[in-house]
Amino acid sequence: QEFLKKTDWDSDRYFAPNQDNDLVRGNEPRRWTELLLFSKGLWDYQRCAMFPTACKIFKGLVEVEGILHGKRSGQVSLLKLEEGTALVPHFGTVNWRYTAQFGLLVPDNVWIHVGGQSRTFKQGELTLLDDSFLHSVEHNGTGPRVTLFVNFFHPRTSPMTYDEWLLRKDYI
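My aim in this report is to walk through the structure given alongside it, one point at a time. (Residues numbered from 1 in each chain as written. Predicted model: local features only at pLDDT ≥ 70, side-chain atom pairs only at ≥ 80, totals over all residues. Heavy atoms only, no water.)

**Some words on the pairing of strand β10 (residues 117–120)**
Here is step 1 of the chain: The pairing of strand β9 (residues 110–114) with β10 spans 4 bridges and is classified as antiparallel. Bridging from a neighbouring strand, V114 pairs with Q117 of β10.
Here is step 2 of the chain: If you look at the hairpin formed by β9 and β10, you'll find 2 residues sitting between the two strands, and G115 has a positive phi there, around 50°. (Pairing = 2+ DSSP bridges. Helix = DSSP H or I, 4+ residues; strand = E, 2+ residues; numbered from the N terminus.)

**Some remarks on the nonpolar core**
Here is step 1 of the chain: Counting residues in hydrophobic clusters, the biggest one holds 22 residues, and the most contacted among them are F3, L35, L37, W43, V76 and L78.
Here is step 2 of the chain: Sort the elements by how many residues they give to this core and strand β13 (residues 145–153) lands first, with 4 residues.
Here is step 3 of the chain: Once residues lying within four places of it in the same chain are set aside, the contact partners of W43 are L37, F38, C48, C55, F58, K59, E65 and V76.
Here is step 4 of the chain: V24, L79, V106 and F149 belong to the second largest nonpolar core, which has 13 residues in total. (Core = buried A, V, L, I, M, F, W, Y, C linked by side-chain atoms within 4.5 Å. Buried < 20%, exposed > 50% of the residue type's maximum accessible area, 1.4 Å probe, protein only. Contact = heavy atoms within 4.5 Å.)

**What about the pairing of strand β2 (residues 32–39)?**
Here is step 1 of the chain: For β2, the tally of buried residues reaches 7 of 8 residues, placing the bulk of the element in the interior.
Here is step 2 of the chain: Summarising the sheet, strand β1 (residues 16–17) and β2 pair through 2 bridges and their orientation is antiparallel. The residue bridging P17 from the neighbouring strand is T33, located in β2.
Here is step 3 of the chain: In this sheet, strand β6 (residues 75–81) lies alongside β2 in antiparallel orientation, the contact comprising 7 bridges.

**Re the pattern of salt bridges**
Side chains carrying opposite charge are able to pair once their charged atoms draw close together.
Here is step 1 of the chain: Evaluated as defined, the whole model comprises 4 salt bridges.
Here is step 2 of the chain: Its salt-bridge partner being D12, residue R30 comes within 2.3 Å of it at the nearest N-O pair. Here R30, found in the loop between β1 and β2, pairs with D12, found in the segment before β1; they are 18 residues apart in sequence, far enough to count as distant.
Here is step 3 of the chain: Taking relative accessible area as the criterion, R30 reaches 39% and is therefore assigned partly exposed.
Here is step 4 of the chain: A salt bridge links K80 to E82; the nearest nitrogen and oxygen atoms lie 3.0 Å apart. Across this residue pair, the class does not change: K80 and E82 are buried. (Salt bridge = Lys/Arg side-chain N within 4 Å of Asp/Glu carboxyl O.)

Right, dumping it as structure tokens:
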């Protein structure tokens, strides 16, 4: 909540176009942005200083930081979707991870459509998704939607720490 009190909290100073911005209907990358806390195996300590609780919760979790099938899949970020924005139907890249979004700032009338079902995002609630299923998002509300987003490994997988992965005999 302290972050939202900054007068420039939703500016380019903090948010950059989402790495998957080609999913924005109308090809307007500034309409879906992200503030990365953890990505590609690295924590952004300057940004974690602004969000110490989120970073503390997820830092050190092999489900977020680990490696599976030689890939890092974890990410922790804030996602911001501008009003009037739609993300076209799309799939995640793998079926061995889940995504979770916790509603930090969520106006009414923001929808996610998955497998023939539709649900609204809610402020203070968690939306959990196996994003290997076709899904899309529509923001028909007023004001930006901001969620704490986490990619993490499916509970039935066995991710390794980076050090464990380096010690594998088949890695050498």
